Structures are given as C-alpha cells and as structure tokens.
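Summary of structural features
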Amino acid sequence: MTQITRTKQIKRICNLCLLLALAGLAGAAQAKVRPEIMGVALEMSRDAALARLKAIGQLEKEDRRRQEVWAIKDPRISHLLVGYDADYRVRYVTAVARTDGPRMRYQEVADLKSAQRLNSQGNYRFTWEIPERRGQFAFVVIAHGRDPNFLDSYSIKKVGEEEVD
C-alpha cells in the first residue's frame, strides 16, 4: 500500500468518525427532551409530585378537577401548573416564566432544529413530539412566547391523555 493510499484511507476513517460523533451529538440533544419540569415528571404519583413541589414552592390554588397552581422559588420560573389524571398521576406540567427576572430561551427547553415552529402575529410556538420508545410513553413539549428568543411558558403532556372531569 502506498503512502498516498494509506493517507486517503486514514482521512476516510477520520471523516467517518467525525460523522458518527456528530450523529451521536444530535441524538444526545434530542435525548435531553425529558418528560419532566423541575423534577415533576409525567406519570409521577401525586404523593411524589407533592413532595417535590413542596421542596421548591408553595401551593397557591387547587381545584376539584385535579389541577394545582404552585408558586415556585426560582429566578426564572414563577409558577408550575400541574394536572393529574383519574389515578392521581401527573398528566401535564406547565412552567410559567417570570416577567421580572432572567429570561429563559426556547433552546433551553430542547434543540430548536428538531422543533415544529409556528409564528402567528407575534406569537411564537415551538413543539417537540417525542415518540414512544423502549418502554417510554410518547409525550409532547410546547414552548410559547411573544418574543422570538424568550419564552413565556412551556408545557409537557403525555400524548393521548385527555382531560377528565
């Protein structure tokens, strides 16, 4: 094998390794989309969710439709809204951004390249649909805002979960 052929072969191997590494990073970015906000996860029992919520905030409102509003002690998030299903497992969580603190960017929720985007009359919406895989249920993440860079709120919800009165 000549030196030129060997050099070309090494370059091909290096390029292949680089492509594999970049594909791994893209997959890792998608994997960062998790079915939880501030430690409150979808399908978590109400008791476990309450333990976490009491550690980070204070209950402001609870209604008979199994929904709660929590004031959160966080510089960027003011409130968490939590909804439970008929079995009192978390079915959705919504984080409301503070208006008087550091702002949260959409890309802090998940990679914007993988989001479905909608901009309608100054309202921005980024949606990530995470399919079911290896025992993990399908869920959706939605970030809303009036600013093109900073969100007003974001939510996670298990796909197929309907509100039950």
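This report concerns the structure included in the present document. Keep in mind that what you see is a predicted model, and the values were worked out from it rather than measured.

**What about the overall build of the protein?**
Assigned secondary structure in the protein consists of two helices and ten strands. When the helices and strands of the protein are placed in sequence order, the string is α-β-β-α-β-β-β-β-β-β-β-β. Across the 165 residues of the protein, 35% fall into the buried class. In the protein, of all internal contacts separated by at least 6 residues, the share reaching a separation of at least 24 is 42%. For the protein, the computed accessible surface area is about 10,600 Å², with 52% contributed by carbon and sulfur atoms.

**Thoughts on the environment of A110**
Inspection of the secondary structure puts A110 in the loop between β6 (90-97) and β7 (116-120). Owing to a relative accessible area of 4%, A110 belongs among the buried residues under this scheme. The spacing of A110 and A143 is 33 residues in sequence and 9.5 Å in space, taken between C-alpha atoms.

**Things to note about the side chain of S153**
Here S153 is to be found in strand β10 (residues 153-158). Residue class for S153 comes out buried when judged on its relative accessible area of 16%. For S153, the residues in contact, after removing those within four places along its chain, are T94, A95, V96, A97, I142, A143 and H144.

**Focus on the packing of aromatic side chains**
Counting across every chain of the model gives three aromatic pairs. Taken together, a centroid distance of 4.4 Å and an interplanar angle of 45 degrees make the contact between Y106 and F126 tilted. You can see Y106 sitting in the loop between β6 and β7 and its partner F126 sitting in strand β8 (residues 123-130), a full 20 residues away along the chain. On the basis of relative accessibility, which here comes to 1%, the residue Y106 falls in the buried class.

**Structural notes on the side chain of K158**
Following the sequence through the fold, K158 ends up in strand β10. Once residues lying within four places of it in the same chain are set aside, the contact partners of K158 are L42, E43, R91, F137, A138 and F139.

**Overview of the nonpolar core**
With 36 residues, the main nonpolar core has L80, V90, W128 and Y154 as its most contacted residues. Counting only elements with at least two residues in this core, the list comes to α2 (46-56), β4 (67-72), β5 (77-84), β6, β8, β9 (139-145) and β10. Excluding residues within four positions of it along the chain, Y154 makes contact with I37, I77, V93, T94, A95, M104, V109, I142 and A143.

What counts and how
Residues numbered from 1 in each chain as written. Predicted model: local features only at pLDDT ≥ 70, side-chain atom pairs only at ≥ 80, totals over all residues. Heavy atoms only, no water. Helix = DSSP H or I, 4+ residues; strand = E, 2+ residues; numbered from the N terminus. Buried < 20%, exposed > 50% of the residue type's maximum accessible area, 1.4 Å probe, protein only. Contact = heavy atoms within 4.5 Å. Areas by Shrake-Rupley, 256 points an atom, 1.4 Å probe, with all protein chains shown as cover. Phe/Tyr/Trp six-rings, centres within 6.5 Å; stacked < 30°, edge-to-face > 60°. Core = buried A, V, L, I, M, F, W, Y, C linked by side-chain atoms within 4.5 Å.

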